Amino acid sequence: MDQPGRDDLLEWRASKPANFYTAVPGLASALALRMKDNFSPSLRERLSTFGSDVATVIEPAVQILERNREFPKLRPYDEFGQLVEEIEFHPAHDEAARVAWASGVLSTPLNFEGAFEVAGLFFLLSHVGEGGQACPIVCTIGLRRALEHRASPALKERYLDGLTSPDAALALRGSQFLTEVQGGSDVGANVARATPDPMSPGAWRISGEKWFCSVADADLFALTARSESAPSGTKGLACFLVPRTLDGVTPNGFRIRRLKDKLGTRALASAEIDFSDALAWPIGELDQGFNIAVSELLNTSRWLNAVGSTGIMSRTYLEASSFAHFRQAFGAPIESFDAVREQLAFMKIETAAALASTMALTELVAKIDEGTATSEDLNLHRFLVNANKYVTSVAASDVVHRGIEVLGGNGTIEDFSPLPRLYRDAVVFESWEGTHNVLCAQVRRDCVRLGLLDVVTEWVRSELATVSASLAPDANQVRDVLERLEPELAKTVENSVNSDANFRRQLTTLMRIVQATCLLRQGDQPSSTGAERAVGAAFVRLHLVVQDFAEEPTWLPLVDEVLG
Ligand SMILES: Cc1cc2nc3c(=O)[nH]c(=O)nc-3n(C[C@H](O)[C@H](O)[C@H](O)COP(=O)(O)OP(=O)(O)OC[C@H]3O[C@@H](n4cnc5c(N)ncnc54)[C@H](O)[C@@H]3O)c2cc1C
């Protein structure tokens, strides 16, 4: 029997990329803009190798886990009845880990090139979603940064080699446990206790419950706890390192209550854990605990959460645009319908915007790691690390939702495409490392305390000043919206009564301005393609031009150019 619909689907499957690096030229363009001559042939080669590994090894491994629901299982006791609190994973999980660790994402040095290399590799890995690997990698990178920057020589000596090993079977994995049952946003309400250990000078004992503990299989837990004499609130939190075991078998003073049954990130073990006299060592000074947790752990996670959201969006666009090419309806490929083209163009624009602002953030991380960041760079980083996590995670859920719409009913079928998995992960990414309201409130406080609004607006103006004359109309439009927004935003920042919701709306527009600026810079390179230039222009018209309902939106005539 003639079954053209199925043949089209088979052709679609055969067309899927065997290398996400070569399938997404936007990554190389963004790295070329931000790294300039430092974007070396050897880094391109490493990214290309990993782009192929993600498509051909990690993706099939993750598919096995998802298709057969092979998610982590808690094994509290071993076969002889010893308490071990182990987490069991399917061999496909370990195979994905082997390839992810071998990419060098954990072993690359903390310097200018290293930050971009991590971002590039992690972007490619995120094309499979969380996949049980992303969170462990992020937490391990965060812990490594905390130890390198803040820990005693003894802790560095003991653990840094393991945290930076490229061999997944030998490597030490990190995790970070802040959240307690009374709240993740209100970390200052944490009650887990730390008491000095009378037997080992410099060591502490941790007791209390942690409510959301991802990478419950980690070898090293970073966690916050409060000593008896410490003040209340975030000021009293210290940051500790708790090894999983002290003898290689027995859990170090913890019991896992259960693994959580989650909407997304299901291949990752997230647990509720009770600590009772777990032996721990402080990371840095006790009174610096919250600062260390935020600036080393959370800021690493927020940066990479944005990279991960962008990878999810990029994969969604690849899936939806290729499906639209092969899928026929009413005698034509659905990519020929204006309404579908508009959806695809929207997805492509949002993905490019997320990549552009996240690579601008990565440049700041790179300068910090290189030791060349100015005070303006540090302030801009402080703004972007929070505001960019907020907008990119919102955009990721929106883009995957639209991708599912493009695939129609098939988009909702678990093994038809990765989109259901990516959608579930994207929703989790939204609350990870700080919810939207909490991040916006943090940015607002920073605007008051550190004058960040001026830092951001000056940066936008200086970036726009470098854009060439051919893009002047779009740059002027961005400047114009900034002129109008700035005084209103300044008023909202100063107004202490009931202005959080208003601030969130205005911050969203400020981030649109930031992303438009990054896209215009991206489209203004000598090597930029027509599609890259069209994406910037379309983004400005889509988000920064207010139009009458009767008019056709001004970005629509650019759809064909955007899709290339
Ligand atoms: C799958 C998964 C894994 C996780 N893994 C970890 C982990 O490994 N380690 C870890 O420490 N945490 C982890 N978390 C916890 C995560 O960081 C928290 O869920 C997050 O910080 C939000 O905290 P909460 O869930 O307690 O929400 P709540 O703090 O209860 O917030 C609920 C709602 O209230 C809003 N809200 C709260 N305060 C304000 C305010 N002042 N103004 C306006 N709105 C407000 C929030 O924005 C949110 O919408 C994980 C979460 C998930 C879903």
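Please refer to the structure higher up on the page.
Residues numbered from 1 in each chain as written. Predicted model: local features only at pLDDT ≥ 70, side-chain atom pairs only at ≥ 80, totals over all residues. Heavy atoms only, no water.

S.K.: Would you mind going over the packing of helix H3 (residues 25–35) against helix H16 (residues 500–523) with me for this structure?
M.R.: Helix-helix packing is described using two parameters, namely the angle between the two axes and the distance between the axes. It is at 10 Å that the axes of H3 and H16 come closest, and there the two elements cross at 95 degrees. On the basis of the axis angle, H3 is roughly perpendicular to H16. For the pair H3 and H16, the contacting residues are Ser29, Ala30, Leu33 and Arg34 in the first and Cys518, Arg521 and Gln522 in the second. Here the residues of the contact of H3 with H16 are counted per class, giving three nonpolar, two polar and two charged. (Axes fitted to C-alpha atoms, helices over the stretch in contact; angles between N-to-C directions. Helix = DSSP H or I, 4+ residues; strand = E, 2+ residues; numbered from the N terminus. Parallel < 35°, antiparallel > 145°, perpendicular 65-115°, else oblique. Contact = heavy atoms within 4.5 Å. Nonpolar A, V, L, I, M, F, W, Y, C, P; charged D, E, K, R; others polar.)

S.K.: Any chance you could explain the site of the ligand here in plain terms?
M.R.: Near the ligand, the surroundings consist of 18 residues, among which Thr179, Gly184, Ser185, Ser214 and Thr435 are the closest. The separation between a nitrogen atom of the ligand and a polar main-chain atom of Gln176 is 2.8 Å. In the environment of the ligand, a nitrogen atom lies 3.1 Å from a nitrogen or oxygen atom belonging to the side chain of Asn437. Summarising the interface, the protein chains cover 63% of the accessible area of the ligand, which totals 970 Å² for the free molecule. Elements that contribute at least two residues to the shell around the ligand include exactly strand E3 (174–177), strand E5 (204–214) and helix H12 (419–431). Here the element with the most residues in the shell around the ligand is E5; it accounts for three residues. Residues of the shell around the ligand, tallied by class, amount to six nonpolar, ten polar and two charged. (Near = heavy atom within 4 Å. Polar contact = N/O pair within 3.5 Å; in protein donor to acceptor, adjacent residues only side chain to side chain. Areas by Shrake-Rupley, 256 points an atom, 1.4 Å probe, with all protein chains shown as cover.)

S.K.: How should I be thinking about helix H4 (residues 41–67) in this particular structure?
M.R.: Note: α-helices contain 3.6 residues per turn, so residues at a spacing of three or four share the same orientation. Helix length check: H4 (27 residues) gives 38 Å between terminal C-alpha atoms against 39 Å at 1.5 Å per residue, within 8%. Here H4 has its buried residues at Leu43, Leu47, Phe50, Gly51, Val54, Ala55, Ile58, Glu59, Ala61, Val62, Leu65 and Glu66. The secondary structure elements touched by the buried residues of H4 are helix H2 (20–23), H3, helix H5 (91–102), helix H6 (112–125), helix H9 (289–326) and H12. The positive-phi residue at the C-terminal boundary of H4 is Arg69, with phi of around 50 degrees. (Expected span 1.5 Å × (residues − 1). Buried < 20%, exposed > 50% of the residue type's maximum accessible area, 1.4 Å probe, protein only.)

S.K.: What is the right way to look at the pairing of strand E1 (residues 73–77) in this model?
M.R.: Each regular strand shows side chains that alternate between the opposite faces of the sheet. Pairing of E1 with strand E2 (residues 83–88) involves four bridges; the strand directions are antiparallel. Of the residues in E2, the one forming a bridge with Tyr77 is Leu83. Between E1 and E2, which pair antiparallel one after the other, the connecting turn spans five residues, and Gly81 there sits at a positive phi close to 80 degrees. (Pairing = 2+ DSSP bridges.)

S.K.: Quick question: what am I supposed to make of empty space enclosed by the protein here?
M.R.: In this approach the atoms are scanned with a rolling probe the size of a water molecule, which exposes any empty space left behind. Counting across every chain of the model gives two cavities of 30 Å³ or more. Size it by volume and the largest cavity reaches roughly 90 Å³. For the largest cavity, the full set of lining residues is Phe122, Ala134, Cys135, Val138, Ser301, Leu304, Asn305, Phe429, Trp432 and Glu433. Listed by contribution, the elements that provide at least two residues to the lining of the largest cavity are helix H7 (134–150) and H9. Of the residues in the lining of the largest cavity, the class split is seven nonpolar, two polar and one charged. Of the pockets and cavities examined, the second largest cavity occupies roughly 50 Å³. Among the secondary structure elements, those contributing two or more residues to the lining of the second largest cavity are H6 and H7. Looking at the lining of the second largest cavity, its residues break down into six nonpolar, two polar and three charged. (1 Å grid on protein atoms, 1.4 Å probe; cavity = no way out; pocket = protein on both sides within 12 Å on 5 of 7 lines; lining within 4 Å. Points joined across faces, edges and corners; volume = space filled by probe spheres on them.)

S.K.: What's the story with the packing of aromatic side chains in this structure? I'm lost.
M.R.: Two numbers describe a pair of aromatic rings. These are the distance of the centres and the angle of the planes. Under the criterion given, the structure shown has eleven aromatic pairs. With a centroid separation of 6.4 Å and an interplanar angle of 45 degrees, the aromatic rings of Phe177 and Phe275 are classed as tilted. Separated by 98 residues along the polypeptide, Phe177 in strand E3 and Phe275 in strand E9 (residues 270–282) bring together distant segments of the chain. Accessibility expressed as a relative area gives 0% for Phe177, which makes it buried. In this structure Phe275 comes out as buried when scored by relative accessible area, which is 4%. Site record: aromatic cluster; members linked through ring pairs are Phe177, Phe221, Phe254 and Phe275. Of note, Lys16 hangs over the ring of Trp12, and the distance from its end group to the ring centre comes to 3.9 Å. Over the ring of Trp101 we find Arg173; its NZ or CZ atom is 4.3 Å from the centre of that ring. (Phe/Tyr/Trp six-rings, centres within 6.5 Å; stacked < 30°, edge-to-face > 60°. Lys NZ or Arg CZ within 6 Å of the ring centre and 35° of its normal.)

S.K.: Quick question: what am I supposed to make of the pattern of salt bridges here?
M.R.: Once their charged atoms are close, side chains differing in charge can pair, the charge on each being opposite to the other. The tally for this structure, following the rule as stated, stands at 36 salt bridges. A salt bridge links Lys210 to Glu180, with the nearest nitrogen and oxygen atoms 2.9 Å apart. Taken together, the residues span a long stretch of sequence, with Lys210 in strand E5 and Glu180 in the loop between E3 and strand E4 (193–196) at a distance of 30 residues. On the basis of relative accessible area, Lys210 is assigned to the buried category, the value being 1%. For Asp377, the salt bridge identified is with Lys367, shortest N-O distance 3.9 Å. Residue Asp377 is located in helix H11 (residues 375–407), and its partner Lys367 is located in helix H10 (residues 338–370); the two are separated by ten residues in the primary sequence. On the basis of relative accessible area, Asp377 is assigned to the buried category, the value being 12%. Given a relative accessible area of 23%, Lys367 falls into the partly exposed group. When salt bridges that share partners are traced, they join Lys16, Glu59, Arg315, Glu319 and Arg421 into one network. (Salt bridge = Lys/Arg side-chain N within 4 Å of Asp/Glu carboxyl O.)

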